[in-house]
Amino acid sequence: QVQVVESGGGLVQPGGSLRLSCEVSGVTFSNYVMRWHRQGPGKERELVAAISSGGRSTYADSMKGRFTISRDNAKNTVYLQMNSLKPEDTAVYYCSAYNTLSGRGYWGQGTQVTVSS
């Protein structure tokens, strides 16, 4: 059974930082492209960042320089370090795992991030 479990969300003041974690079980983690997505209130889900099995990362333009995605294949975990948070970063953040060879993908349930004073 594949499980994708996000953690680390919460309430933070503008300008603050949070680190999200996403642990995957039930698959060979190192074979999967990992992505963070988010969906703000009244908005469509959008891609935040992605990291390949080899560690190459890409970011949405609005997150470049503020967010950093990383992965630890030994811990089956991907991280999203978020700095200089803004109220518009308020969203539910989702983690997904995608195997480019099989085409299979899995999603977590999401973790709420609220940026507010």
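Shown above is the structure to which this text applies.
Residues numbered from 1 in each chain as written. Predicted model: local features only at pLDDT ≥ 70, side-chain atom pairs only at ≥ 80, totals over all residues. Heavy atoms only, no water.

(A) A look at the overall build of the protein. What the protein contains, in helices and strands, is zero helices and eleven strands. Mapped from its N terminus to its C terminus, the protein presents α and β elements in the order β-β-β-β-β-β-β-β-β-β-β. In terms of overall dimensions, the protein is globule-like: its C-alpha atoms have a radius of gyration of 14 Å, near the 13 Å expected for 117 residues. Principal-axis analysis of the C-alpha atoms places the extent of the protein at approximately 40 × 25 × 25 Å. Counting only residues that meet the buried cut, the protein has 40% of its 117 residues in that class. Of the contacts formed within the protein by residues at least 6 apart in sequence, a portion of 54% connects residues at least 24 apart. (Helix = DSSP H or I, 4+ residues; strand = E, 2+ residues; numbered from the N terminus. Rg over C-alpha atoms; globule rule 2.2 N^0.38 Å. Buried < 20%, exposed > 50% of the residue type's maximum accessible area, 1.4 Å probe, protein only. Contact = heavy atoms within 4.5 Å.)

(B) Representation of the sheet that holds strand β8 (residues 77-82) within the structure. Ordered by their spatial adjacency, four strands build an open sheet running β1-β3-β8-β7, and the pairing between neighbours is antiparallel. Both outer strands of the open sheet, β1 (3-7) and β7 (67-72), are each paired with one neighbouring strand and no more. Taking each pair of neighbouring strands and ignoring which way they run, the sheet shows an average axis angle of 15 degrees. Two elements, strand β3 (residues 18-25) and β8, share six bridges in a ladder whose sense is antiparallel. (Pairing = 2+ DSSP bridges. Axes fitted to C-alpha atoms, helices over the stretch in contact; angles between N-to-C directions.)

(C) Structural context of the packing of aromatic side chains. Evaluated as defined, the whole model comprises two aromatic pairs. Ring geometry for Y32 and Y106: centres 6.3 Å apart, planes at 45 degrees, overall tilted. One end of the pair, Y32, is in the loop between β3 and β4 (33-39); the other, Y106, is in strand β10 (residues 105-107), and 74 residues separate them in sequence. The class of Y32 is buried, set by a relative accessible area of 7%. (Phe/Tyr/Trp six-rings, centres within 6.5 Å; stacked < 30°, edge-to-face > 60°.)

(D) The side chain of T111, seen in detail. Position of T111 among the secondary structure elements: in strand β11 (residues 111-115). Among the polar contacts made by the side chain of T111, one reaches the main-chain amide nitrogen of G9 at a distance of 3.2 Å. (Polar contact = N/O pair within 3.5 Å; in protein donor to acceptor, adjacent residues only side chain to side chain.)

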